[in-house]
Amino acid sequence: MEDWKRGRAMFATVAAAPLTWLTLFFIIPMAVVWLYSFGTNRGLTDIDISGTLVNYQRALEPLYLGIFAKSLVVAGITTVICLVVGFPVALAIVFSTDRWKPWLLLAIMLPFWTNLLIRTYALMAVLRTEGYANQSIGWLHDRFGSIMPLVGLPAPGAYEPMNLLYNNFAVILGLVYVHLPFMVLPLYAALDRLDRSLIEASLDLGAGHIRTLLAIVAPLAAPGIISGIIITFVPALGAYLTPDLLGGPDSQMIANVIERQFKRANDWPFGAALSFLLMYATFIAIAFQAVKAKQAERRG
Amino acid sequence: MNLFRRKIPLAPLEYTRRTSMRIWVGLVLFFLYAPLVTLVAFSFNDSRRNIVWRGFTTKYYEKALNNESLMTALGNSITIAAIATVVSVVLGALAAVMLWRFRFPFKAAWEGALALPIVVPEICMGVAMLAFFAKLDLPQDLAWPLNLGQITIAHITFCFPFVTMVVRSRLSSFNREEEEAAKDLGATEWQALRDVLLPHMKPGLIAGALLAFTLSLDDFVITFFTSGPNTITFPVKVYSMVRFSVTPEVNAASAMVIALTVILTSLALKLQSRMGALAQGH
């Protein structure tokens, strides 16, 4: 690495364009929103930046605090499910044969490359009242229903389709569906680097598979597990599309409230305040991960 | 006949050979793929209500291809993605070289700022772009493709940091001695950059370009906040179509995008493996 003063011409050539772009089209827009969050609405797009904290006070009202809490809970549940579902998958990929490994990785990655909107739409088609899930369950219901009287049980009534769409269940299922690859890939990367002789030693010394997993594998793979958790949690917390398309009226998350302030309610200062609160929550999560990663590095 | 052969006992670490693990992985893959496979399958279903299979047809593909607004949206999306990819690769590569090569004042701060577009929630960036462009108050009735400028700028902003990340990790494997050797043999600074460093960066640039293209093609949230009534992209159009109903036409349009993604991804993987083989051959 060399000091920029030793190659001024070269430094200016490589640094000018990206830093200008970043300042002009990222830092300034962010700063505009940040300033708006201390402003009051004067007209449709006329915002007076008065330095007021009213918007943040309003964000702390029980209604919005509740939505924030709900978003945290939904993102948390999503992350836990992804971890529980994804961990065995990552483990299976790590210990698969060389012939299968690239294919399994590809199988996990391909949906991740597919358009988010299309995946959400596919899930809508499965979950709606006349969707494929209800169809299959209904079919099974009818088949088993016709067997029931034969074994002396009363025949069940006609199948009532379940409401699988437009509720919190659908939102969490959708978030898990979308974010599962985010969890599996870092877990895979962490587990793949693991020293296998340590696992073997633990098994040889009499620990069971579960105990080995909890006492040996989990602590060693901790940095990867934590980064998987953060990589899943952060986008799930700020998710807009999934709760919007799969959720019902009571399953809005914070991003939906922000969108409403900017598009329909036209209360930009309040939306700006909410948007920055969401951003701070994200930064806290990322800082937590950085601290944990450093700790793990020092121990290792 | 594998089935009848005496079973080879499981080694302790052969987790993948355990039946329970296989069932688990199978279920997860089913969960990931079943919705997409049914979506594609039912795009060929000859039924408006799209519930029960009523025979094979491609009429919904014709319908989707003849849907003018859908095709305009697709054209917009591809145009935006193409421009955003080119600009992102240039900006991203420059930023990567800058971070990799130089020490400069406030470097840590700039490095952090360059990673921000990757971690900031999409909704926050979307509203920032909306507020920024509203403040700028650019003329709205420009001719195509200039009217796509706002969306393209927003896309470049969130794409190029990804390119920087990919290219930078590629640069970390560069041997500075190669560059020194070139200079010793009489190459100027620029020639060394062009003939030695750039070829080494190439796989990173290609991977970054494909990443940027997919990210741009995929983006809904940020585009949703920067698009106007005349600048609809494909995801925004599909969003307005799927909000209320599930129709075979949307299935057909989605299936075409899935096909595009699969082609692009396999192209990327093929290129990468060929690059890998080439790099090892050196």
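Structure first, text after, so check above.
In this report, the structure presented in the accompanying data block is examined. Bear in mind that the values here come from a model prediction, so they are computed numbers and not experimental data. (Residues numbered from 1 in each chain as written. Chains lettered and ligands numbered in written order. Predicted model: local features only at pLDDT ≥ 70, side-chain atom pairs only at ≥ 80, totals over all residues. Heavy atoms only, no water.)

Okay, the overall build of chain A next. Within chain A, the regular secondary structure consists of 13 helices and 3 strands. In summary, chain A has a C-alpha radius of gyration of 25 Å against a globular reference of 19 Å for 300 residues, an excess of more than 25%. Principal-axis analysis of the C-alpha atoms places the extent of chain A at approximately 80 × 55 × 35 Å. Per-residue burial for chain A yields a buried fraction of 50% across its 300 residues. Pairs at least 24 residues apart make up 67% of the contacts formed inside chain A by residues separated by at least 6 positions. Working note: accessible area of chain A is about 14300 Å², and carbon and sulfur atoms make up 67% of it. Here chain A contributes 21 positive and 18 negative side-chain charges, whose respective centroids are spaced 5 Å apart. (Helix = DSSP H or I, 4+ residues; strand = E, 2+ residues; numbered from the N terminus. Rg over C-alpha atoms; globule rule 2.2 N^0.38 Å. Buried < 20%, exposed > 50% of the residue type's maximum accessible area, 1.4 Å probe, protein only. Contact = heavy atoms within 4.5 Å. Areas by Shrake-Rupley, 256 points an atom, 1.4 Å probe, with all protein chains shown as cover. Lys, Arg positive; Asp, Glu negative; His and termini not counted. Charge placed at Lys NZ, Arg CZ, Asp CG, Glu CD.)

What follows covers helix α2 (residues 59-66) of chain B. Within α2(B), burial applies to Tyr60(B), Tyr61(B) and Ala64(B). For α2(B), the angular spread of buried residues about the axis comes to 105°, placing them on one side. (Arc of directions from axis to C-beta.)

Right, let's get into the packing of aromatic side chains. In this structure the tally under the stated criterion is 22 aromatic pairs over all chains. Between Phe44(B) and Phe56(B), the ring centres sit 5.1 Å apart and the planes meet at 10°, which makes this aromatic pair stacked. You can see Phe44(B) sitting in the loop between α1 (19-42) and α2 and its partner Phe56(B) sitting in the loop between α1 and α2, a full 12 residues away along the chain. Residue classification places Phe44(B) among the partly exposed residues on the basis of a relative accessible area of 23%. Judged by its relative accessible area of 61%, Phe56(B) is exposed. Counting every residue linked through ring pairs, the aromatic cluster contains Tyr240(A), Phe220(B), Phe224(B), Phe225(B) and Tyr239(B). Note that Lys263(A) overlies the ring of Phe224(B), its terminal NZ or CZ placed 3.8 Å from the centroid. Across the ring face of Phe225(B), the terminal group of Lys263(A) is positioned such that the distance to the ring centre comes to 5.3 Å. (Phe/Tyr/Trp six-rings, centres within 6.5 Å; stacked < 30°, edge-to-face > 60°. Lys NZ or Arg CZ within 6 Å of the ring centre and 35° of its normal.)

Geometry only, nothing functional implied.
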